[in-house]
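Here is how the chains run, residue by residue.
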Amino acid sequence: MDQLPLEGMPRRLYSCTPSRLNTWLDCPRRYRFTYMDRPAPSKGPPWAHNSVGISVHNALAGWWREPYERRTPETAAALVGSGWIGEGFRDAEQSAAWRKRAAEMTGAYAATLDPADEPVGVERTVAARTQVIALSGRVDRLDRRGAELVVVDYKTGRRPPTADDARFSLALAVYAVASERMLRTPCHRVELHHLPTGSIVEWEHTEESLAGHLRRAEEIATEASEADDRYRAWAGPARPAGRTGRASPEAGRTPPEVPAEIDAVFPPRTGPLCSWCDFRKHCPEGRAAAGDRDPWDGLADD
């Protein structure tokens with residue numbers, strides 16, 4: 001059985017992504033369902049707005065891999081169509097309408113880009129370590145502007161982001177730190193590009209603000225790591241908690257029974273977001289806090 005670290009002994013680095021940290025911050029129970037319980041509990045149906053986002057992100061990544069002469073708005077739109085993910089929509093008609101809509105906004109966005117301005121990275125994995133955490137994540141696009149790098153994140157949701165969204169994004173700040181360390185090039189600016197409206201919001205971090213985000217990441221990681229240790233100490237080697245990746249076909253459809261003292265380490269954090277949780281059918285508190293949503297409810301109004 002795993003043991004908790006002895007007093008005074010250094011802890012192993014907590015390996016994580018910004019998504020993992022934010023999941024703990026949003027809801028420790030959802031964190032447990034996502035990262036600890038094995039076999040993994042079943043999820044609800046796919047969300048249509050996620051299908052739109054993934055389709056657009058994949059198309060833009062593919063656009064930069066095209067030869068220079070093919071980097072046109074028409075190619076960007078065509079890549080959305082050829083790689084369209086039709087999951088979560090009400091019916092085939094709604095899926096087709098959104099495929100057309102996503103292709104148009106991706107083509108319009110590509111028209112604002114200089115195809116000769118090659119990014120430093122597209123869908124690039126970056127990583128950084130501190131004395132507490134080993135962070136990694138994937139940047140949508142990493143640009144070079146003059147002597148500095150700029151982190152670019154695409155957004156396809158119904159709400160245009162604000163400067164505060166860029167300023168307070170833990171993920172973007174971590175990507176900036178990791179990009180600077182890996183490429184040995186200053187990186188302070190982060191940008192959110194909202195394709196539905198064509199708007200761009202940015203934030204210019206300072207060394208102090210980036211350090212503050214990194215400290216916050218360490219604080220979250222310390223909390224989550226301690227909870228992980230409690231879970232592993234209960235689960236023992238027979239239950240390989242904390243693995244990531246695709247669940248096996250024989251995976252259980254409900255989360256494992258955990259004792260009350262372990263369940264208390266991963267309490268539900270209820271609110272409006274419970275309507276959108278992939279695991280809400282396994283969480284009575286979440287279902288009581290917010291109503292059900294149809295898989296296409298996250299789409300902008302037609």
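Residues numbered from 1 in each chain as written. Predicted model: local features only at pLDDT ≥ 70, side-chain atom pairs only at ≥ 80, totals over all residues. Heavy atoms only, no water.

Per the secondary structure count, the protein chain includes 10 helices and six strands. Relative to the compact-globule value of 19 Å for 302 residues, the protein chain shows a C-alpha radius of gyration of 21 Å, a close match. The dimensions of the protein chain, computed from C-alpha atoms along their principal axes, are 60 × 50 × 30 Å. The proportion of buried residues among the 302 residues of the protein chain is 45%. Contacts spanning at least 24 positions in sequence make up 72% of the contacts within the protein chain whose residues lie at least 6 apart. Of the roughly 15,900 Å² of accessible surface on the protein chain, a fraction of 51% belongs to carbon and sulfur atoms. Here the protein chain contributes 41 positive and 44 negative side-chain charges, whose respective centroids are spaced 4 Å apart. (Helix = DSSP H or I, 4+ residues; strand = E, 2+ residues; numbered from the N terminus. Rg over C-alpha atoms; globule rule 2.2 N^0.38 Å. Buried < 20%, exposed > 50% of the residue type's maximum accessible area, 1.4 Å probe, protein only. Contact = heavy atoms within 4.5 Å. Areas by Shrake-Rupley, 256 points an atom, 1.4 Å probe, with all protein chains shown as cover. Lys, Arg positive; Asp, Glu negative; His and termini not counted. Charge placed at Lys NZ, Arg CZ, Asp CG, Glu CD.)

Now for unusual backbone geometry. In this structure, P39 follows R38 across a cis peptide bond, with omega equal to 0°. By the secondary structure assignment, P39 is in the loop between α2 (28–36) and α3 (48–65). One non-glycine residue, E123, lies in the positive phi region at around 50°. Take E123: it is sitting in strand β2 (residues 121–129). On the basis of relative accessibility, which here comes to 22%, the residue E123 falls in the partly exposed class.

Let us now look at helix α8 (residues 207–235). Working note: α-helix, 3.6 residues per turn, so residues spaced by three or four point in the same direction. The terminal C-alpha atoms of α8, which comprises 29 residues, lie 41 Å apart, in line with the 42 Å expected from a rise of 1.5 Å per residue. Immediately beyond the C-terminal end of α8, within one or two residues, lies G236, with a positive phi of roughly 75°. (Expected span 1.5 Å × (residues − 1).)

A few words on the packing of helix α1 (residues 18–26) against helix α7 (residues 170–183). Closest axis-to-axis distance for the α1/α7 pair is 9 Å, and the angle between their directions is 150°. Of the possible angle classes, the one that applies to α1 and α7 is roughly antiparallel. Our pair here, α1 against α7, has a crossing hand that is right-handed. Where α1 approaches α7, its residues P18, L21 and N22 are matched on the opposing element by L170, A171, V174 and Y175. Looking at side-chain class alone, the contact of α1 with α7 contains six nonpolar, one polar and no charged residues. (Axes fitted to C-alpha atoms, helices over the stretch in contact; angles between N-to-C directions. Parallel < 35°, antiparallel > 145°, perpendicular 65-115°, else oblique. Left-handed = near helix turned anticlockwise from the far one by under 90°. Nonpolar A, V, L, I, M, F, W, Y, C, P; charged D, E, K, R; others polar.)

Turning to the packing of α1 against α8, a few remarks are in order. It is at 10 Å that the axes of α1 and α8 come closest, and there the two elements cross at 75°. The pairing of α1 with α8 is recorded here as roughly perpendicular in orientation. Residues R20, L21, W24 and L25 of α1 pack against R216, A217, I220, A221, E223, A224, A227 and D228 of α8. Of the residues in the contact of α1 with α8, the class split is eight nonpolar, no polar and four charged.

Tracing the backbone shows G286 in helix α10 (residues 284–289). With 146 residues separating them along the chain, G286 and D140 place their C-alpha atoms 31 Å apart.

This part is about the pattern of salt bridges. Enumeration over the complete set of coordinates arrives at 21 salt bridges. The salt bridge involving R12 is made with D229; its shortest N-O contact spans 3.2 Å. In this pair, R12 sits in the segment before β1 (14–16) while D229 sits in helix α8, placing the two residues 217 residues apart along the sequence. Accessibility expressed as a relative area gives 56% for R12, which makes it exposed. Taken together, the shared-partner salt bridges in this structure form one network comprising R29, R32, D37, D263 and E285. (Salt bridge = Lys/Arg side-chain N within 4 Å of Asp/Glu carboxyl O.)

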